[in-house]
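# A structural walkthrough
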Amino acid sequence: WIAGVNALFTVEFYRTARARLGPGGVFCQWVQLFELSPTTVSTIIGSLREVFPKLLLIESGADLICVAGRDATPRIAAHLSDRMAPEAIRTDLASIGVQTPEDLVVRVIDDDTTTVTPPSLNTDDNGYVEFHAPLELPAFLGSAAWAPIAARCDGAASPPFAERSAANPSPP
């Protein structure tokens, strides 16, 4: 997780985005799923849904595409063939394995019927995602690589980072 990215996933950011949408406007956001816990993902979705109660969640491998409308849930199937017709759009969609409208519709994993109850909303004031996502990295990268860092954070003795040995390498 990169410091500062949190600002793109806060209730305040979503309010600003919604305020700038025109009638029928659509907000779309990419969320990486890799290295994020279900709790952190539910916090992001819950924060988005706080501002955009009607939203679509579309799975794309290790990523999530969130699509929300200013006035209503965007209907993905309506006019999809026409919107997928331009060559540039077909090329982009093909890069994620979408060749037909049906390929896209089958990836919809939530159409605003699922209730997500996050532990907290992510706001500018609490920075929930900013401070929780980095703590989840050891679970994804392997605890051995992060043991020296964890030991230093816990106050346990650990050699300085410059004094690493082959048995205690730096994280990749």
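Now for a quick tour of the structure. It should be emphasised that the depicted structure is a prediction, and the values quoted were computed from it without experimental measurement.

## Looking at the overall build of the protein
The helix and strand inventory of the protein stands at 7 helices and 4 strands. Seen in sequence order, the protein has helices and strands lined up from the N terminus as α-β-α-β-β-α-α-α-β-α-α. Looking at the protein as a whole, 35% of its 172 residues qualify as buried. Of the contacts made within the protein by residues no fewer than 6 positions apart, 64% connect residues no fewer than 24 positions apart. Counting every atom, the protein has about 10,000 Å² of accessible surface; 60% of that belongs to carbon and sulfur.

## Points about the environment of Gly 97
Note on placement: Gly 97 falls in the loop between helix H4 (87-94) and helix H5 (101-105). In this structure, the C-alpha to C-alpha distance between Gly 97 and Ser 60, residues 37 residues apart in sequence, is 8.8 Å.

## As for the environment of Ile 65
Assignment of secondary structure puts Ile 65 in strand S3 (residues 63-69). On the basis of relative accessible area, Ile 65 is assigned to the partly exposed category, the value being 22%. Residues Ile 65 and Gln 29, 36 residues apart in the sequence, show an inter-C-alpha distance of 5.8 Å. When sequence neighbours within four positions are dropped, the list of residues in contact with Ile 65 reads Cys 28, Gln 29, Trp 30, Leu 56, Leu 57, Ile 58 and Ser 60.

## Examining the pattern of salt bridges
Throughout the structure, instances matching the rule amount to 1 salt bridge. For Arg 90, the salt bridge identified is with Glu 87, shortest N-O distance 2.3 Å. Linking Arg 90 with Glu 87, this pair stays in helix H4, spanning 3 residues, or about one helical turn. For Arg 90, a relative accessible area of 39% puts it in the partly exposed group.

Rules used in this analysis
Residues numbered from 1 in each chain as written. Predicted model: local features only at pLDDT ≥ 70, side-chain atom pairs only at ≥ 80, totals over all residues. Heavy atoms only, no water. Helix = DSSP H or I, 4+ residues; strand = E, 2+ residues; numbered from the N terminus. Buried < 20%, exposed > 50% of the residue type's maximum accessible area, 1.4 Å probe, protein only. Contact = heavy atoms within 4.5 Å. Areas by Shrake-Rupley, 256 points an atom, 1.4 Å probe, with all protein chains shown as cover. Salt bridge = Lys/Arg side-chain N within 4 Å of Asp/Glu carboxyl O.

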